[in-house]
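Summary of the model geometry
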Amino acid sequence: MGRILAIDYGTKRTGFAVTDPMKIIASSLETVQTNVAMQFIKDYLAKEEVDQFVIGLPVGLDGLETDNTKPTKSFAKKLQQNFPNIPLAYIDERFTSKMAEQSMLASGMKKKDRRVKGNVDKISAAIILQSYMDQQSF
């Protein structure tokens, strides 16, 4: 059984989260610089089986596209071109960064660690993944 790989795409950094092979638990994986995100995915797929990609789609409070929607869709298109046999799903990522920050605070993460922006990105990816799993009743 393969995993689900979630992606919180950003123009500078991209966060990743993944399920366990039985698709029960969503866990933060890594944050990488966006210019190496595709290589990170290729390297990950060389080690692990992935059944699906889930990518957070940035939309505004009004439900309309934001400045980050187009770059995210462009990345998703490249993802599908590189890995045509792995289905991709979008999920609304509104409020995930704020939820990630609150999660870090609630978990007792030290202030120094909460300031590391990469931590927010990978936790946001885990929130995106968990939201997707909840919607799909995994």
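Quick summary incoming for the structure in this document. Here the residue numbers are simple positions, counted from 1 along each chain's written sequence. Local features in this predicted model are restricted to residues whose pLDDT is 70 or higher, and side-chain atom pairs enter the listing and the counts only when it is 80 or higher, whereas totals over whole chains, interfaces and linings include all residues. Processing note: side-chain calculations cover all non-hydrogen atoms of the structure and skip hydrogens and water entirely.

**Considering the pairing of strand 2 (residues 13–19)**
Between buried and exposed lies partly exposed: a residue is buried under 20% and exposed over 50% of the maximum accessible area for its type, with that area taken using a 1.4 Å probe on protein chains only. Counting from the N terminus, the helices are the DSSP runs of H or I reaching at least four residues and the strands are the DSSP runs of E reaching at least two. Within strand 2, six of the seven residues are buried, leaving the element largely enclosed by the surrounding structure. Being paired, for any two strands, means DSSP has found at least two bridges between them. Here strand 1 (residues 3–8) folds back onto strand 2, and the loop between the two strands holds four residues. Taken together, the seven bridges between strand 2 and strand 3 (residues 26–33) define a ladder with antiparallel strand orientation. Residue pairing across strands places valine 18 opposite serine 27, the latter belonging to strand 3. Hairpin geometry of strand 2 and strand 3 is characterised by an intervening segment of six residues between the two adjacent antiparallel strands and by a positive phi of about 60 degrees at lysine 23.

**Section: unusual backbone geometry**
Although it is not a glycine, lysine 23 adopts a positive phi angle of roughly 60 degrees. Position of lysine 23 relative to the elements: it lies in the loop between strand 2 and strand 3.

**Quick word on the nonpolar core**
By nonpolar core is meant a set of buried Ala, Val, Leu, Ile, Met, Phe, Trp, Tyr and Cys residues that side-chain atoms within 4.5 Å join together. Ranked by size, the top nonpolar core spans 20 residues in total, and within it Leu5, Ile7, Phe16, Ile41, Phe53, Phe75 and Leu79 carry the most contacts. Those elements that provide at least two residues to this core are strand 1, strand 2, helix 1 (37–47), strand 4 (50–57) and helix 2 (69–82). Considering each element in turn, this core owes the most residues, five residues, to helix 1. Membership of the second largest hydrophobic core comes to 13 residues, among which are Ala89, Ile91, Ile128 and Met133.

**With respect to the side chain of aspartate 20**
In this fold, aspartate 20 is placed in the loop between strand 2 and strand 3. Here Asp and Glu are counted as negative and Lys and Arg as positive; His is not counted, and neither are the chain ends. The salt bridge criterion pairs a side-chain nitrogen of Lys or Arg with a carboxyl oxygen of Asp or Glu, the two atoms within 4 Å. Arginine 3 is the oppositely charged side chain nearest to the buried, salt-bridge-free aspartate 20, at an N-O distance of 6.5 Å. A polar atom in the side chain of aspartate 20 sits 2.5 Å from the backbone nitrogen of isoleucine 25. Only heavy atoms enter the contact rule, under which two residues are in contact if any of them lie within 4.5 Å. Setting aside residues up to four positions removed in sequence, aspartate 20 forms contacts with Arg3 and Ile25. Two N or O atoms form a polar contact when they lie within 3.5 Å of each other; inside protein one atom must be a possible hydrogen donor and the other a possible acceptor, and for residues adjacent in sequence the pair counts only when both atoms belong to side chains.

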